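# Remarks on the overall topology
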Amino acid sequence: MSAIVQFESVGLRYGTGAEVLRDMDFSLSKGHFYFLTGASGAGKTSLLKLLYLAQRPTRGRIRLFGQDLSDAGRDELPSFRRRIGVVFQDFRLVRHLSAFDNVALPLRIAGYAEEEIASAVREILDWVGLGDRAGARPATLSGGEQQRVAIARAVITRPELLVADEPTGNVDADMAKRLLHLFGALNDLGTTVVVATHDLGLIASTPRAQLMRLDRGHLVDPTGAFRNPPNSERAERRP
Ligand SMILES: Nc1ncnc2c1ncn2[C@@H]1O[C@H](COP(=O)(O)OP(=O)(O)OP(=O)(O)O)[C@@H](O)[C@H]1O
């Protein structure tokens, strides 16, 4: 199985502070499903930012889709970003656009026909249980509803890599399961999924997923970290 992401001796610091990520050496296999866990402040969001190219590492090398990012110029980054779907912790919906238009945005940018966009957006909004709120602006939606719009927007293009930061933090357990099912369906279509979460129940209910655990900026047990649950025999048998 080929790697979609490779980190080699990667470190990240903000400004002149101490490194918040250090000695990151790992690779993610194409088409796999990963959970990223760790205490608050361990560096999960920072690691995801490196994955969706909102931050560059302060040392080391990252290869994404087989290309070394240190060789990529700023003008090349948008073409990488188009291949990545992101669910931000704070949603980042466009305030003056309806739920429908927020979800449609990536397809419009990619130049799809309006007819195609309409059916795709309706389908995904139904999936996340917001079929009847398509015309609502973000300010009139609850936190959980906004989160579901953000998820719909991130998955609508069937990205090669989906990166989600606490995507079920604002929804109830039933909706969390449903959203995980959606991520699973996308994963079945070949998308590599990386989900940062504190929700151990979610992890336990997703046996296909592998586990990455961060402890104060360090990936714990890089050789054994990619198992769910860690060190189980079942996980050992994965290809
Ligand atoms: N823009 C920034 N400037 C300076 N320090 C930052 C910045 N963003 C994060 N940090 C610091 O980096 C460390 C890791 O933060 P990060 O947000 O990646 O952790 P996290 O595991 O996602 O936490 P949480 O679960 O609370 O979201 C923390 O010590 C944090 O204070």
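The numbers attached to residues start from 1 for each chain and follow its sequence in the written order. Totals for whole chains, interfaces and linings use all residues, but because this is a predicted model, local features are given only for residues with pLDDT of at least 70 and pairs of side-chain atoms are given and counted only at 80 or more.

Per an unreviewed UniProt entry, the chain goes by the name Cell division ATP-binding protein FtsE and belongs to Sphingomonas sabuli. As recorded by UniProt, the Subunit (unreviewed entry) comment attached to the chain reads in full: "Homodimer. Forms a membrane-associated complex with FtsX." UniProt positions are given in the numbering used here, feature names are shortened, and annotations may be inferred rather than shown by experiment. Under the Function (unreviewed entry) heading, UniProt states for the chain: "Part of the ABC transporter FtsEX involved in cellular division. Important for assembly or stability of the septal ring."

Moving on to the pairing of strand 3 (residues 33–37). Taking burial as the measure, the five residues of strand 3 include five buried ones, the bulk of the element. Our exposure labels follow a C-beta count within 10 Å of each residue's own C-beta, placed from the backbone: buried means 20 or more other C-beta atoms, exposed means 12 or fewer, and partly exposed covers the counts in between. Here a strand is any run of E in DSSP of at least two residues, a helix any run of H or I of at least four, and the numbering for each starts at the N terminus. Of the two faces of strand 3, the one carrying Phe33, Phe35 and Thr37 and the one carrying Tyr34 and Leu36 are both buried. Whether two strands pair depends on DSSP finding at least two bridges between them. When strand 3 meets strand 9 (residues 210–215), the two strands line up parallel, connected through four bridges. Bridged to Tyr34 within strand 9 is Gln210.

Moving on, we come to the site of the ligand. Close to the ligand lie Tyr14, Gly17, Val20, Gly38, Ser40, Gly41, Ala42, Gly43, Lys44, Thr45 and Ser46. The leading source of residues in the shell around the ligand is helix 1 (residues 44–51), at three residues. Ten residue types, Ala, Val, Leu, Ile, Met, Phe, Trp, Tyr, Cys and Pro, are classed as nonpolar, four, Asp, Glu, Lys and Arg, as charged, and the remainder, Gly among them, as polar. Its residues assigned to classes, the shell around the ligand shows three nonpolar, seven polar and one charged. Think of it this way: take the backbone, place a C-beta atom on it, and check whether that atom is within 6 Å of the molecule or strand, in which case the residue is near it.

What follows covers the pairing of strand 9. Taken together, the two bridges between strand 9 and strand 10 (residues 218–219) define a ladder with antiparallel strand orientation. Among the inter-strand pairings, Asp215 is bridged to a residue of strand 10, identified as His218. Where strand 9 folds back on strand 10, the antiparallel hairpin that results is connected by two residues, among which Arg216 adopts a positive phi of roughly 45 degrees.

Here we come to the packing of helix 3 (residues 99–109) against helix 5 (residues 143–155). For the pair helix 3 and helix 5, the least separation of the axes is 7 Å and the interaxial angle reads 25 degrees. One finds that helix 3 runs roughly parallel with respect to helix 5. Here helix 3 and helix 5 pass one another in a crossing that is right-handed. Along its contact with helix 3, which presents Ala99, Asn102, Val103, Leu105 and Pro106, the element helix 5 presents Val149, Ala152 and Arg153. Per-class residue counts for the contact of helix 3 with helix 5 are six nonpolar, one polar and one charged. To define axes, lines are fitted to C-alpha atoms, for helices over the stretch in contact only, and angles between the resulting N-to-C directions are given on a 0 to 180 degree scale. Any angle from 65 to 115 degrees is called roughly perpendicular, while one under 35 is roughly parallel, one over 145 is roughly antiparallel, and all others are oblique. A clockwise turn of the near helix away from the far one marks a right-handed crossing, whereas an anticlockwise turn of less than a right angle marks a left-handed crossing. C-beta atoms are placed from the backbone for every residue, and two residues are taken to be in contact when these atoms lie within 7 Å.

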